[in-house]
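# Reading the structure
This is what each chain is made of:
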Amino acid sequence: MRNGLGLLTILCLPLAVQAMTLDEYLAQVKQKHRLYQSFEISQQAAGDRYQQGDLALSPVLTLKGSYLDDKSLQQNVPTFVIFHQKIREYGLGLGKRFSTGTSAQVNVATTEVFFDALTPATISDQRAIGTMGFTVSQSLWKDGFGSSTRLRWQREESQKKLEIKSYDLQAKQVLIEAEAAFWDLVYLEDESKQRESSLERAKKIASWISGRVSNGIGERPDLLNAQGLVATRELQLLTTRDELAAAHKKIVDTLEASGSTQIIKLEAPLGVQRPLLSMVENYQSNGRVIRLDTYLAALEARTKQVGAQEVEDSLRPDLVVEAGYRTNTYQTDAASARNHLSDSDKPTAGISVKLTLLLDGTSKEATRRAAGADALSARLKRDQKIFEGESSWEEIQRRHAELSKKIEAAEKLSRVQNEKAKAERDRLMRGRTVTSQVVSAEQDAAEADLLVTKMKAEQRKLETQARLFMKIETLPE
């Protein structure tokens, strides 16, 4: 692949040709690779999963209906004994907890009572009771005006970002492995072509020397030397073709193209360098470059820090103020009771204050220490990841620049070695050198060519490692 462009044949059924660039190949990986797709679906699920945390703030509708047939004796006063009663009750309630920590409840109920009693005469009668009430409560300390809800929101938001980004990191790793397989195949295809070319030159040299030996001009050791070069090149070619077949299979498996009726060809600009920054996520935005696992560590530290605050909030005493108001109406039937629900001549009103306090100080302190230790551990891990990420980015930039210099030097070496090998072949044809010199020059030229290609493939694979980095203005605190 001297011109940096190779066409790689993956399948062997010549019914159609599909030529793909690297971008098209990666798009096919995203579309067909089941593991990559599973990470994308998991990201969507993570976004939806954290919506369920607000179920506690959803309005709750309650419908109630009950019937009671009671024949037990109930003596209300010495001369009034109920010996049979039937009670039908219907209720409707609507409750809502707000993010401020306020809970509100509205209830409407009607109760019909049919009873038989001795007074001491036997009588039968019925009554209907209707109520409509409103109750509100507010936490002033433990969940003071929604502090727990706000902390939960912060923790769940950090946890959601952490989970989504972790799946994104795993998806990027799939792409990195797929691209590495791409460049491995490019290199092996080029190596195979170079091995074939080297073998052909070795065969020509061996054929020419064989003719000289047959004519009595050459010597047998020279022929054996040339034949040894041919055997070495054949073995090298067989080894490369075996590795190439394995690389072909890996690409086919990556694209899940087994059994396809298409020839998949990959256009590989092996010699084209890509700026490292262009591979970084959000590279056009302002900020500093960090590694993705650094961002995950920062999100985890943020999550643990908010979790520690939640624990602290949950250990506080709970001071709740509750107030309620209810109307009461007493009628002879249920229809009348429903019509007079809003009558306020017999109301019930109340207010209460309730203090709840955990008395086990040892357990409270242990819980607080554990949450604080988790948060501190996560912060230390984040700080270490920040240091490692910055060092890693500097190192990948340094290696990329050094590879560019090495490639330039290797290309110069390749040109010199090829010119030397050509000169040695010409000298051999004129009988002005020995076969060992030609064999050595041929070997050096072939290895120099492969070194250039290998370094270029290594640089392309190094560039894809930049996918593990992202640009961000500030880390989560």
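Residues numbered from 1 in each chain as written. Predicted model: local features only at pLDDT ≥ 70, side-chain atom pairs only at ≥ 80, totals over all residues. Heavy atoms only, no water.

## A short note on the overall build of the chain
Spelled out, the test is: Labels follow the DSSP assignment, with helices taken as runs of H or I lasting at least four residues and strands as runs of E lasting at least two, numbered in each case from the N terminus. The cut-offs for exposure are 20% and 50% of the maximum accessible area for each residue type, with area from a 1.4 Å probe on protein chains only; residues under the lower value are buried, those over the upper are exposed, and the others partly exposed. Counted charges follow a simple rule, with Lys and Arg positive, Asp and Glu negative, and His plus the chain ends left uncounted. To locate a charge, take atom NZ for lysine, CZ for arginine, CG for aspartate or CD for glutamate.
Helix and strand counts for the chain come out as eight helices and twelve strands. When the backbone C-alpha atoms are referred to their principal axes, the chain occupies close to 150 × 50 × 40 Å. In the chain, buried positions account for 40% of the 477 residues. Of the side chains in the chain, 67 bear a positive and 65 a negative charge, and the two mean positions are spaced by 3 Å.

## Let's talk about the environment of Thr 332
Cut-off, in case you're wondering: Contacts described as polar in this section are N or O atom pairs within 3.5 Å, which, within protein, must combine one atom able to donate a hydrogen with one able to accept it, while residues neighboring in sequence count only if both atoms come from side chains.
Tracing the sequence through the fold places Thr 332 in the loop between β10 (318-331) and α6 (334-339). C-alpha separation for the pair Thr 332 and Gln 126, spaced 206 residues apart in sequence, amounts to 6.3 Å. Looking at Thr 332, its side chain comes within polar contact range of the side chain of Asp 333, at 3.3 Å.

## Some details on the pattern of salt bridges
The condition that has to hold: We define a salt bridge as a contact between a side-chain nitrogen of Lys or Arg and a carboxyl oxygen of Asp or Glu at a distance within 4 Å.
Enumeration over the complete set of coordinates arrives at 32 salt bridges. For Lys 346, the salt bridge identified is with Asp 345, shortest N-O distance 3.2 Å. Among the residues examined, Asp 345 registers a relative accessible area of 55% and is labelled exposed. With a closest N to O distance of 3.9 Å, Arg 399 and Glu 458 form a salt bridge. Of this pair, Arg 399 sits in helix α7 (residues 361-429) while Glu 458 sits in helix α8 (residues 435-464), placing them 59 residues apart in sequence. Residue class for Arg 399 comes out partly exposed when judged on its relative accessible area of 35%. Given the relative accessible area of 36%, Glu 458 is considered partly exposed. Sharing partners across several salt bridges, the network here consists of Glu 179, Arg 274, Arg 460, Glu 463 and Arg 467.

## Observations concerning helix α4 (residues 220-255)
Under the convention used in this document: By this rule, a helix spans an expected 1.5 Å times one less than how many residues it contains.
Helix length check: α4 (36 residues) gives 52 Å between terminal C-alpha atoms against 52 Å at 1.5 Å per residue, within 8%. Glu 256 sits one or two residues past α4 and shows a positive phi near 50 degrees.

## Quick look at the nonpolar core
Basically, it comes down to this: In this text, buried Ala, Val, Leu, Ile, Met, Phe, Trp, Tyr and Cys residues form a nonpolar core when linked through side-chain atoms within 4.5 Å. Every residue pair with non-hydrogen atoms within 4.5 Å of one another is taken to be in contact.
Formed by 28 residues in total, the largest nonpolar core has its most connected members in Tyr 25, Phe 182, Trp 183, Ile 251 and Leu 266. Broken down by element, this core gets its largest block of residues, twelve residues, from helix α3 (residues 147-214). Not counting the four nearest positions on each side in its chain, Trp 183 is found in contact with Leu 22, Ala 268, Pro 269, Leu 270, Arg 274, Ala 457, Arg 460 and Lys 461. Counting 24 residues, the second largest nonpolar core, distinct from the first, contains Ile 176, Val 280, Ala 298 and Leu 475.

## Describing the packing of aromatic side chains
Here is the rule we go by: Stacked, edge-to-face and tilted are the three classes for Phe, Tyr and Trp ring pairs, Trp counted by its six-membered ring, which pair at centre distances within 6.5 Å; planes under 30 degrees apart are stacked, over 60 edge-to-face, the rest tilted.
Counting across every chain of the model gives four aromatic pairs. When the ring of Tyr 25 is compared with that of Phe 182, the centres are 5.1 Å apart and the planes differ by 40 degrees; the resulting orientation is tilted. Here Tyr 25, found in helix α1 (residues 22-32), pairs with Phe 182, found in helix α3; they are 157 residues apart in sequence, far enough to count as distant. Here Tyr 25 and Phe 182 have matching classes, each one buried.

## Points about the confidence of the model for the chain
Low-pLDDT portions of the prediction should not be read for the details of their coordinates. Rule in force here: Note: pLDDT gives the predictor's confidence per residue, expressed from 0 to 100.
Mean pLDDT over the chain stands at 85; residues scoring 70 or higher make up 92%. In the model, residues 1-17 has pLDDT below 50 throughout and makes 53 contacts with residues more than four positions away in sequence or in other chains.

## Quick notes on α3
Taking 1.5 Å of rise per residue, the 68 residues of α3 would be expected to cover 100 Å, and the 99 Å separating its terminal C-alpha atoms lies within 8% of that figure. Looking one or two residues beyond α3, the residue adopting positive phi is Gly 216, at roughly 85 degrees.

## Focus: the environment of Glu 177
Summarising the element assignment, Glu 177 is placed in helix α3. Along the chain, Glu 177 and Val 108 lie 69 residues apart, while their C-alpha atoms are 64 Å from each other.

## Thoughts on the side chain of Glu 463
Structurally, Glu 463 can be placed in helix α8. Glu 463 sits in the buried class, given a relative accessible area of 0%. At a separation of 2.9 Å, a polar atom in the side chain of Glu 463 contacts the side chain of Arg 274. If we ignore the near neighbours within four places in the chain, the residues touching Glu 463 are Gln 273, Arg 274, Leu 276, Met 279 and His 400.

## What about unusual backbone geometry?
With glycine set apart, most residues show a phi of negative sign, and most peptide bonds adopt trans. Positive phi, close to 50 degrees, is recorded for Phe 145, a residue that is not glycine. Residue placement: Phe 145 occurs in the loop between β7 (122-139) and α3. A positive phi is found at Asn 282, a non-glycine position, where the angle reads about 60 degrees. Tracing the chain through its elements places Asn 282 in the loop between β8 (263-267) and β9 (288-291).

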